[in-house]
Amino acid sequence: MTRNPIAAFDHRTGFKLGAPVGFKDYMWEALKDPAAGINMIQTAENLAKKYSISREDVDAFASESFAKAVAAQQSGFLAGEIVPVITEKFELEGYKPRGIKLQGKVTEVTQDTHPRISPADVLAKLRPVYEGGVQTGGNSSALVDAAAACVVTSGAYAKAKGKKPMARVVAAAVAGVPPEIMGIGPAPAIRLLLARTGLKLSDIGRFEINEAQGAQTLAVGRELGLDLSLLNVNGGAIALGHPLAATGVRLTITLARELARSGKRYGISSACVGGGQGIALLIENPNA
Ligand SMILES: CC(C)(COP(=O)(O)OP(=O)(O)OC[C@H]1O[C@@H](n2cnc3c(N)ncnc32)[C@H](O)[C@@H]1OP(=O)(O)O)[C@@H](O)C(=O)NCCC(=O)NCCS
């Protein structure tokens, strides 16, 4: 996310003398919906109004997300899914060496850097992104760097290779919603997923729903009538960050590990999608 380029799209065919030279910020492009003419924070503000979610509600939720993430770091739970990033070189004969060079005196990064204890009264002091709005830099997903990977294969292949799966992917669902309230997407996606699998909300032991913005996740919770004690029990994106394109795998791996830890059978990971979608995945703990 911090390496998102700021690029000029118009120069390939040359500039006319005196014409404005336009640069675009890829990060901003990713967070803005040109169809609805608003950005992602504004979509959360729309949900806050629709579901009567106050700044206090959002800060309290964010404060808990930070506390749960710090606890999960301290207990060592989160370290179990993190590959430390270290300064290192990769060499292969016949090719130029490549590598990772961390900045300054840092030689390794072993855990997420955004979580910190954040009491609600501290979060309450932060300026809202929009005057009169509920979203701030402290109760929205943080813009952080990360990559995530996992192996998805058939049960037969895993068995033949003697691999023990972390989870079984049972079903997936995608739903469309109006772009100006894109953050509600997980609600219809989860409903569709349950309808497809014949399960009830009460059959699901854990939920990992991406905390794109605090009001957005609370709106999904209210729409579905979710028991929030089953949601993001090791912290969410407000504390850990939401690195675009890594988050889906991160949510599902955390969920699989949390199902193993708690002995619960079913879990749902879900995220809203800018532009007006929700996506949800049902996984099953093979040992429950
Ligand atoms: C909300 C958002 C606009 C804030 O961006 P920003 O202004 O660059 O955020 P910052 O990290 O500078 O945080 C703002 C302030 O809050 C403070 N802050 C953030 N988290 C805090 C915490 N837990 N405790 C105390 N202060 C905190 C920062 O220190 C900063 O203070 P400063 O202004 O005194 O330096 C941006 O994070 C965002 O857009 N997030 C959501 C992304 C998104 O929507 N993704 C989903 C796509 S579907």
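Use the structure listed above.
Remember, predicted model here, so these are calculated numbers, not experimental data.

Rules of the game
- Residues numbered from 1 in each chain as written.
- Predicted model: local features only at pLDDT ≥ 70, side-chain atom pairs only at ≥ 80, totals over all residues.
- Heavy atoms only, no water.
- Axes fitted to C-alpha atoms, helices over the stretch in contact; angles between N-to-C directions.
- Helix = DSSP H or I, 4+ residues; strand = E, 2+ residues; numbered from the N terminus.
- Parallel < 35°, antiparallel > 145°, perpendicular 65-115°, else oblique.
- Left-handed = near helix turned anticlockwise from the far one by under 90°.
- Contact = heavy atoms within 4.5 Å.
- Nonpolar A, V, L, I, M, F, W, Y, C, P; charged D, E, K, R; others polar.
- Core = buried A, V, L, I, M, F, W, Y, C linked by side-chain atoms within 4.5 Å.
- Buried < 20%, exposed > 50% of the residue type's maximum accessible area, 1.4 Å probe, protein only.

(A) Representation of the packing of helix 2 (residues 40-50) against helix 7 (residues 214-224) within the structure. Orientation of helix 2 relative to helix 7, taken along the N-to-C sense of each, is 45 degrees, at an axis distance of 8 Å. When the interaxial angle is binned, helix 2 and helix 7 end up oblique. Crossing angle aside, the handedness with which helix 2 passes helix 7 is left-handed. On helix 7, the residues that touch Ala44, Leu47 and Ala48 of helix 2 are Ala215, Gln216 and Ala219. Residues of the contact of helix 2 with helix 7, tallied by class, amount to five nonpolar, one polar and no charged.

(B) Seen up close, the packing of helix 3 (residues 55-74) against helix 7. Relative to each other, helix 3 and helix 7 sit at 95 degrees, their axes nearing to 9 Å. As the angle between them shows, helix 3 and helix 7 are arranged roughly perpendicular. Contacts between helix 3 and helix 7 involve Asp57, Val58 and Phe61 from the former and Gly214, Ala215, Thr217, Leu218 and Arg222 from the latter. In the contact of helix 3 with helix 7, the residues fall into four nonpolar, two polar and two charged.

(C) Representation of unusual backbone geometry. Phi is positive for asparagine 232, close to 45 degrees, though the residue is something other than glycine. Here asparagine 232 shows up in the loop between helix 7 and helix 8 (237-240). Even without glycine at this site, alanine 245 takes up a positive phi of about 80 degrees. Inspection of the secondary structure puts alanine 245 in the loop between helix 8 and helix 9 (247-262).

(D) Spotlight on the nonpolar core. Ile53, Ile184, Ile204 and Ile268 are the most contacted members of the largest nonpolar core, which has 43 residues in total. Considering every element that reaches this core, the biggest residue donor is helix 3, with six residues. When sequence neighbours within four positions are dropped, the list of residues in contact with isoleucine 268 reads Ile190, Leu193, Leu194, Ile204, Arg206, Phe207, Glu208, Leu255, Ala280, Leu281 and Leu282.

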